[in-house]
Amino acid sequence: MKNLLIAVTLALLIFGFYQAIYVAPEEATIFYYHVPSAWTAMLLFFANFLASIAYLIWRSPKSDAWALAFAEAGVVYCTIVLVTGPLWAKPVWGIWWTWDARLTTTLVMWLIYVAYLMLRRFSEGQQTATIAAALAVFGFLDVPIVYMSIRWWRTQHPQPVIGGGQGSGIAPEMKFALFANWAAFMAMAAMTCWFRYQIARAEQEQEHAAALESLKTVEVH
Amino acid sequence: MTLWAATRANLIKDLRLEWRSKDALNATGFFSLLVVVIFSFSFEPTAEEARRIAGGLIWVAFLFAAIIALNQTWARELRHHVLDGYRLSPAPASALFLGKALGNFIFVAAVEAITAPLFIIFYNLRAVGDASLLILVFLFGTWALVVNGTFFAALSIRTRNREVMLPLLLFPISVPAVLAMVQATTFILTGDDSPLLWIKLLIGYDVIFTTAGLLLFPTVLNAE
Amino acid sequence: MSVLLGENGAGKSTLMRIACGLAQPSSGSVTLHGTLGYMAHATMLYDELTGMENLSYFAQLYGLTDSACIAAISAVGLDPALARHVRDYSQGMRQRLSLARAILNEPEILLLDEPFSNVDIASTSQMAKLLGELRDRGKTLLVITHQPAALSKVADEYIVLREGRITERSRTLTEVWA
């Protein structure tokens, strides 16, 4: 299972890289990494939301481990989006950053999930899972509101239109390279989440064992 | 035990405790006064500029002030474990949340009512748009801050670094609400555009997060 | 009345918190037949409120009226009209008010965690007398204490808890210590 995941991911990454560098038109190669990262991050945050809801309903430590894995991977991909975005924007539009709806929403999403990870980091014991799940629900509810509010904000402050609509004017070979890379990124996300999930489970078991151990020390004393 | 009766009992208890200790009001009021003074000499705007930036400044001041008030809100429930006493009673957990959010709303609104006139004096503000709409912006804006703030304060008291945690959670989630408050206030002051769209956004935000808070609070209260 | 004994960390307080539903057991369950009152280590009272205000707040949470508060405060030998804030109470008075809070809803079962902690001898014997009266009124009491001698006149049995398990159970204190 583990080796298969690694092999598939590597193969897809190499194939995607080949498509992006050698087959697709040369302009803006970063596009093939920026956009798939954004889609992957979005899906991971959605998965975190689902896992959190599942935890709130069934209280299974497994759901909590998944929620943690998805959120951490999501923050990594979101960071890639935020770093590659300005790198792409500077040569194409001549600016590093603009408060455009998609960009700003990505930034706020990143802030929300970093806050989520911090909350997990700074709380202790069983309650961590519950309060983190509650925050995850609030965070995910917030994302569409953020997107809407930034769009309204931007339409009221007219500025030069940047780029076209989403997916407009993409050549077929570009599209293929894009989806090849997306598949590769999704496989990589699945792989990292699977590993992270297992580590989280091991940590949970260790904590459980430590709790039982602390009961035993009373016996000695 | 109805939700409303328990909410009222909590609200009255919180108002009475605050009236006797004045923990939140003193610190918050003085803090916003300091912010107004520091902003006033950091930026020395013309009348036209003042209208453009005052909306942003005033809400940043209130956001920080709200954090100070909210950080104290659960401390008094933890002292002597009174919260355990509440959990033992048959009263609904959401009543505790609602009562506290209402109490915080009153505290923060009181501080705003004192600070806002100072802003007007220091910046020589005069609204070009419909100033009566400002009341709506302040009501819905303040509720947006305190309803989420009360909920996140209940999350942060369970962490090691309580006071720091609250703004870290509250600021990112409050982005759309803060944007709406600032835009609506600015439009009312400058008269450039209608603030109604932003007031509607605030109402929507309030409805969504009040519902989420009421539904999830019992889970958080019994997270132990 | 049962008195629960055991060393620090034996699981007495945890058992009580689980019995009240304040904490979740990692396995097993607790069955209680009757309404519950709980007097914890902490007072569960607000410092800035008077005794009556404190009880009146909890009474509202239970859907009770102020007459129940007056009854409970009088039952523990305090004056309902006392205008002092709980902050200015002596430790003994706080413990008694805490007991009044626990019996406010006329529970059938009373769980008491260290009712004599930080209390002088006079208050201890007074508290023991109060608990005896409650027992005589037909309440079931479970008391955690390090001073079982204080309850020697009113206790019915002694239970020793060690490593989270009951190791001894006896009618008299001397047998437990033997």
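The shown structure was predicted, so the numbers you read here are calculated from the model rather than taken from an experiment.

A look at the overall build of chain B
Inference 1: The helix and strand inventory of chain B stands at nine helices and zero strands.
Inference 2: Order of helices (α) and strands (β) in chain B, N terminus to C terminus: α-α-α-α-α-α-α-α-α.
Inference 3: Its C-alpha atoms give chain B a radius of gyration of 18 Å, near enough to 17 Å, the size a compact globule of 224 residues would have.
Inference 4: Considered along the principal axes of its C-alpha atoms, chain B spans approximately 60 × 30 × 30 Å.
Inference 5: Looking at chain B as a whole, 52% of its 224 residues qualify as buried.

A short note on the interface of chain B and chain A
Inference 1: Each side of the interface is counted separately: chain B has 26 residues, and chain A has 25 residues.
Inference 2: Of all the secondary structure elements, the ones that give two or more residues to the side of chain B that touches chain A are α8 (162-190) and α9 (196-221) of chain B.
Inference 3: Sort the elements by how many residues they give to the side of chain B that touches chain A and α8 of chain B lands first, with 10 residues.
Inference 4: Residues belonging to the side of chain B that touches chain A are distributed by class as follows: 18 nonpolar, four polar and four charged.

Remarks on the nonpolar core
Inference 1: One finds A67 and L135 of chain A together with A66, L155, L169 and L202 of chain B to be the most contacted residues of the largest nonpolar core, which totals 181 residues.
Inference 2: The greatest single-element share of this core, amounting to 15 residues, is contributed by α8 of chain B.

Focus on the confidence of the model for chain C
A low pLDDT score tells you not to read the predicted coordinates there in detail.
Inference 1: Across chain C, the average pLDDT comes to 86, with 98% of residues at or above 70.
Inference 2: In the predicted complex, the global pTM is 0.90; the interface-specific ipTM is 0.92.

Concerning the sheet that holds strand β6 (residues 165-170) of chain C
Residue and element names in this part refer to chain C.
Inference 1: Ordered in space as β2-β3-β4-β1-β5-β6, the six strands form an open sheet in which the pairing is mixed. Edge positions in the open sheet fall to β2 (36-39) and β6, since each of these has one partner strand only. On average, each strand axis in the sheet is tilted by 20° relative to the strand beside it, whichever way the strands run.
Inference 2: Inspection of the sheet shows strand β1 (residues 2-5) paired to strand β4 (residues 140-144) by three bridges, in the parallel sense.

A closer look at unusual backbone geometry
Inference 1: With a phi close to 55°, H80 of chain B is a non-glycine residue in the positive phi region.
Inference 2: Along the chain, the position of H80 of chain B falls in the loop between α4 (75-78) and α5 (82-88).
Inference 3: Phi angles above zero are rare outside glycine, and M44 of chain C is one such case at about 60°.
Inference 4: Along the chain, M44 of chain C turns up in the loop between β2 and α2 (51-61).
Inference 5: Classification of M44 of chain C as buried rests on a count of 22 C-beta atoms within 10 Å.

Regarding α2 of chain C
Inference 1: The buried fraction of α2 of chain C amounts to 10 of the 11 residues, a majority that puts the element mostly inside the structure.
Inference 2: For α2 of chain C, every residue scored as buried is listed here: G51, M52, N54, L55, S56, Y57, F58, A59, Q60 and L61 of chain C.
Inference 3: Of the surrounding secondary structure, the elements contacted by the buried residues of α2 of chain C are α1 (3-21) and α5 of chain B together with α3 (66-75) and α4 (91-103) of chain C.
Inference 4: Of the residues trailing α2 of chain C, G63 of chain C is marked for its positive phi of about 70°.

Cut-offs used in this document
Residues numbered from 1 in each chain as written. Chains lettered and ligands numbered in written order. Predicted model: local features only at pLDDT ≥ 70, side-chain atom pairs only at ≥ 80, totals over all residues. Helix = DSSP H or I, 4+ residues; strand = E, 2+ residues; numbered from the N terminus. Rg over C-alpha atoms; globule rule 2.2 N^0.38 Å. Buried ≥ 20, exposed ≤ 12 C-beta atoms within 10 Å, placed from the backbone. Contact = placed C-beta atoms within 7 Å. Nonpolar A, V, L, I, M, F, W, Y, C, P; charged D, E, K, R; others polar. Core = buried A, V, L, I, M, F, W, Y, C linked by C-beta atoms within 7 Å. pLDDT = per-residue confidence, 0-100. Pairing = 2+ DSSP bridges. Axes fitted to C-alpha atoms, helices over the stretch in contact; angles between N-to-C directions.

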